[in-house]
Amino acid sequence: MRDVLRSPLVRVWVPVLTGAAGMATLDRGSDPGDLVYFVHRAEQLFSGAWAKTFADPMLQSGPLQLAVFGGVRNLAALAYVIELAVAALLLYVLGRLGASDRIRLIVGLLAIATGLTHIAFVDGHPAEAIVPLLWMLAGLWAREDRMLGAGALIGLSAGLELWGVLGAPLLLLAPRLRRAVVGGLVEAAVVLAQLAPFVLAGSFRMFGHEWRVATGTVLSLVVVPGMQFGWPLRVLQASLALGAGTAVAFALRRNIHAVWLAPLAVALVRILLDPLSFGWYWLEVEALVLAGAALLFTALPTRFRATRRARGAGSRPRAAAPPPAGS
């Protein structure tokens, strides 16, 4: 019984998931923003007219996310599914990073307190919190040379929202750069497999949508607010975000911190160059910073012990030299 009480299940998972469930209970009656629209479109995915699901250019969700929403449908139930999933994925990634139970507990509760799970539901864009964590997990798998899984994971993240493809720089963390090509091919195959049925069998107009540059964004300081921002400019935005992530991944290839700093670079460039500005965008940064903080605090005790040993060795008096022979 004592071993059970000391296990991570009781010390970490139960309190954090209980907190997430409690928050979901408070949120289940809230208006979940765009989630209502996504659920409505997801109903078509499970109908005879599934091939026309993406006929509306407004729909920018990925098919995997729609499948989850359509499978659950009930908004109150989705509050629990989304908020528990975000909390559980964060705890799992922290465990893979080697964080102690205490750090996982603190960071997990902090994620709930700072609104990571809450905003993921009430603003209707859970992918903003989930995709960066999937990227981190893919980066860890890439470091272990599990390129099939890493590529598939990034491809699946694009099934939540298409910008998930921007996690590709994490594949560069493979022990050999040539292996990153394998992961990239798997990622592309998974993305195509999710979109191809709609492209081939129906009317796929996702890439026909255009946004307008909103006042208060970084872009509005450069161009006139209200300027049209279509998919060609989205590709440019994505290219710059990929470039930032690639630069960080290359610079820190052998460093474990690349698994959160590379996606953080991607997320920051993507957000700053976006024509719109919504609060839920910053869930990406919050999720990555929370995981990065856990990694940093995990490494601190080891560094302190190493520093103390070094200082202790340096402060020890040197043994006196033996007297010269014959003296």
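Above: the structure in question.
Numbering of residues starts from 1 in every chain and runs along the sequence as written. For this predicted model, a pLDDT threshold of at least 70 governs which residues receive local features, and a threshold of 80 or more governs which side-chain atom pairs are given and counted, while totals over whole chains, interfaces and linings are taken from all residues. Only heavy atoms go into the side-chain values, all of them from the structure, while hydrogens and water stay out.

What follows deals with the overall build of the protein. Tallying secondary structure elements over the protein gives 13 helices and two strands in all. Across its three principal axes, the protein shows a C-alpha extent of roughly 100 × 50 × 40 Å. Note on exposure labels: buried denotes an accessible area under 20% of the residue type's maximum, exposed denotes more than 50%, and partly exposed covers the range between, all computed with a 1.4 Å probe on protein chains only. Taking all 327 residues of the protein together, 45% fall into the buried category. Between two residues, a contact is recorded if the distance between any of their heavy atoms is within 4.5 Å. Look at the contacts in the protein between residues 6 or more apart in sequence, and 74% of them connect residues 24 or more apart. Working definition: helices are DSSP H or I runs of at least four residues, strands are E runs of at least two. Numbering for both runs from the N terminus.

Attention shifts here to the side chain of Q60. The topology assignment puts Q60 in the loop between α3 (35–45) and α4 (63–72). On the accessibility criterion, Q60 (19% relative accessible area) is buried. Ignoring any residue separated from it by four or fewer positions in sequence, one finds Q60 in contact with L162, M206, H209, W211 and W231.

Exposure above 30% relative accessible area and the absence of a salt bridge qualify a residue for a patch, where like charges join within 9 Å and nonpolar side chains (Val, Leu, Ile, Met, Phe, Trp, Tyr) within 5 Å. The protein chains shown are the only cover counted for residues, whose accessible areas, like all others here, come from Shrake-Rupley with a 1.4 Å probe. A side-chain nitrogen of Lys or Arg and a carboxyl oxygen of Asp or Glu constitute a salt bridge if their distance falls within 4 Å. Together, V218, L221, V222, L268, L272 and W282 line one region of the surface with nonpolar side chains, adding up to about 590 Å² of accessible area. On the secondary structure map, L272 appears in helix α12 (residues 258–272).

Non-glycine residue R73 carries a positive phi angle of around 70°. With respect to the helices and strands, the residue R73 is situated in the loop between α4 and α5 (75–96). Backbone geometry at D145 places phi at a positive 65°, although glycine is not the residue there. By secondary structure assignment, the location of D145 is in the loop between α8 (127–143) and α9 (147–160). Overall, D145 belongs to the partly exposed group, its relative accessible area being 27%.

Within this structure, the stated rule accounts for seven salt bridges. Measuring nitrogen to oxygen at the nearest pair gives 2.5 Å for the salt bridge that ties R96 to E144. Of the two residues, R96 is situated in helix α5 and E144 in the loop between α8 and α9; the sequence distance between them amounts to 48 residues. By relative accessible area, which is 26% here, R96 ends up partly exposed. Its relative accessible area of 42% is what places E144 among the partly exposed residues. With its nearest N and O atoms 2.9 Å apart, the salt bridge here joins D145 to R179. Taken together, the residues span a long stretch of sequence, with D145 in the loop between α8 and α9 and R179 in helix α10 (residues 177–201) at a distance of 34 residues. Note on R179: relative accessible area 24%, which makes it partly exposed. Here the salt bridges do not stand alone but share partners, grouping R96, E144 and R146 into one network.

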